[in-house]
Amino acid sequence: MSKSKNFFYNLIKPFKFGSTREGRSEDDIQNLATQEQRTFSYETLVAATNNFQAFNKLGEGGFGPVYKGKLNDGREIAVKKLSHGSSQGKTQFVAEAKLLTRVQHRNVVNLFGYCIHGREKLLVYEYVPRESLDKFLFRSKKKEGLDWKRRFDIINGVARGLLYLHEHSHNCIIHRDIKAANILLDEKWVPKIADFGLARLFPEDETHVNTRVAGTHGYMAPEYLMHGHLSVKADVYSYGVLVLELITGHRNSSSDPAFNGDNLLNWAYKLYKKGRWLEMVDPTVASSVEITEQVEVCIRVSLLCTQGDPQLRPTMARVVLMLSKKPPSHMEEPTRPGIPGSRYRRTGPRSHTSFTTDDENDSSASHVDSSNYDTTIATATSSTSSATRTSSATAQADLRGKRPMLPS
Ligand SMILES: Nc1ncnc2c1ncn2[C@@H]1O[C@H](COP(=O)(O)OP(=O)(O)OP(=O)(O)O)[C@@H](O)[C@H]1O
């Protein structure tokens, strides 16, 4: 065996294979060598997915359809076929995809590799067997599977995954679309953040920016949605919404009758301020709560994360710390939640911030008009016209959830 083949042979030792005398054939080794380079041939993916048959289709998101497949080595995969709209060139795509294959964490869906075939660009992910979190959390028959312990583990796991993306991966990755539908659950209910880094692989050009779909309603930080100001704190905000959804079992929507015409964030904040926070806990999990302080900490965390002022929101490192303290350590008092289209009052000394709004000059600006919450996204589309070119593009691209490019 040549030196290079020997090298790959050693690399793949842990994998179990077919039945040649030495346990694997030359072809197997060659295939794995290719996989080490993170590229998949189109033929491999066609074979794995039965030629992208409809019965293998797991669903379709804003970036294109996703198919289940099985590789010859037995690994199950999810193949995302990116739609053709991207203006990104092949070289850039390969560079970004290679970077993203290095992102590896227990709470982040692993990107095995990618494939380019003519105009087609495909991403090959590890297959995560359970459905996405939203399909459990918001369906009455399935939500019973999510007792408090599982929800608490998911809250912790997603926090750790996000911390990794923000601070411990090769460079800071802002996800931009944290939501229940992008949290996949494995067979042990371990949460895995999906769709990270897609903005890197699928940047919008100017023309697409104006036509693409709206972002994920209810999860986007107001400064990002309204002004295109992007930072890790936009993810922190979305995470806070997700945590509140896990605690209450309600989607963040102003049309939910449970909120009496309000939205999830205001409703929860008001109950919390009145000391009636237990009332917001999903009745489905109430009986499985053994440590009420755990729920209280999660509520506090969610309200701190969704504060209007991004600077007041904790980092994910702080969130992980707050969640891990037993008994819970001192935590700040949350200020009003940030609702797109609403105003917030800055508390404490004003520090320099890159994000300026009229609201900041309005000392009485704590009013939240929840009645216009559902329409805010549409309003924001035109309100960005006076923003900078980048901000405008950013905000508008996000209106369809297909995120603009990451700052490198
Ligand atoms: N790695 C994976 N393992 C198992 N199922 C997956 C995987 N990735 C995606 N899916 C499933 O494929 C379907 C489409 O996913 P995709 O991420 O493209 O879209 P989405 O998250 O539903 O929407 P959007 O792109 O607008 O955020 C979803 O049902 C999702 O659960």
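Use the structure listed above.
Figured I'd write up the structure that's included with this text. This structure is a prediction, so every number in the text was calculated from the model and none was measured. (Residues numbered from 1 in each chain as written. Predicted model: local features only at pLDDT ≥ 70, side-chain atom pairs only at ≥ 80, totals over all residues. Heavy atoms only, no water.)

## Quick look at the overall build of the protein chain
At step 1: Broken down by element type, the protein chain carries 16 helices and seven strands.
At step 2: Burial statistics for the protein chain: of 408 residues in total, 54% are counted as buried.
At step 3: Once local pairs closer than 6 in sequence are excluded, the contacts in the protein chain between residues at least 24 apart make up 66%.
At step 4: A total accessible area of about 18,500 Å² is found for the protein chain, and carbon and sulfur atoms account for 50% of it. (Helix = DSSP H or I, 4+ residues; strand = E, 2+ residues; numbered from the N terminus. Buried < 20%, exposed > 50% of the residue type's maximum accessible area, 1.4 Å probe, protein only. Contact = heavy atoms within 4.5 Å. Areas by Shrake-Rupley, 256 points an atom, 1.4 Å probe, with all protein chains shown as cover.)

## Details of the packing of helix H13 (residues 292-305) against helix H14 (residues 316-324)
At step 1: Here H13 crosses H14 at 165°, and the two axes come no closer than 10 Å. Considered as vectors, H13 and H14 are oriented roughly antiparallel to each other. At the point where H13 passes H14, the crossing takes the right-handed sense. From H13, Val-297, Cys-298, Val-301, Leu-304 and Cys-305 reach across to H14, where they touch Val-319, Met-322 and Leu-323.
At step 2: Split by residue class, the contact of H13 with H14 holds eight nonpolar, no polar and no charged. (Axes fitted to C-alpha atoms, helices over the stretch in contact; angles between N-to-C directions. Parallel < 35°, antiparallel > 145°, perpendicular 65-115°, else oblique. Left-handed = near helix turned anticlockwise from the far one by under 90°. Nonpolar A, V, L, I, M, F, W, Y, C, P; charged D, E, K, R; others polar.)

## Section: the packing of helix H11 (residues 264-273) against H13
At step 1: Running from N to C, H11 and H13 cross one another at 125°; their axes reach a closest spacing of 11 Å. The pairing of H11 with H13 is recorded here as oblique in orientation. The chirality of how H11 crosses H13 is left-handed. Contacts between H11 and H13 pair Leu-265, Ala-268, Tyr-269 and Tyr-272 from the former with Ile-299, Arg-300 and Leu-303 from the latter.

## Some points on H14
At step 1: Along H14, the residues that are buried comprise Met-316, Val-319, Val-320, Met-322 and Leu-323. Taken end-on, H14 shows its buried residues confined to a sector of 165°, consistent with a single buried face.
At step 2: Buried residues along H14 sit in contact with helix H6 (148-168), helix H10 (232-248) and H13. (Arc of directions from axis to C-beta.)

## Digging into the site of the ligand
At step 1: Not every one of the 22 residues close to the ligand is listed here, only the nearest: Gly-62, Lys-80, Glu-126, Val-128 and Asn-182.
At step 2: Contact distances for the ligand include 3.0 Å between an oxygen atom and a side-chain N or O atom of Asn-182.
At step 3: Expressed as a share of its isolated accessible area of 610 Å², the protein-covered part of the ligand is 87%.
At step 4: Breaking the shell around the ligand down by element, the ones donating at least two residues are strand E1 (57-61), strand E2 (64-70), strand E3 (76-82) and strand E5 (120-126).
At step 5: Sort the elements by how many residues they give to the shell around the ligand and E1 lands first, with four residues. (Near = heavy atom within 4 Å. Polar contact = N/O pair within 3.5 Å; in protein donor to acceptor, adjacent residues only side chain to side chain.)

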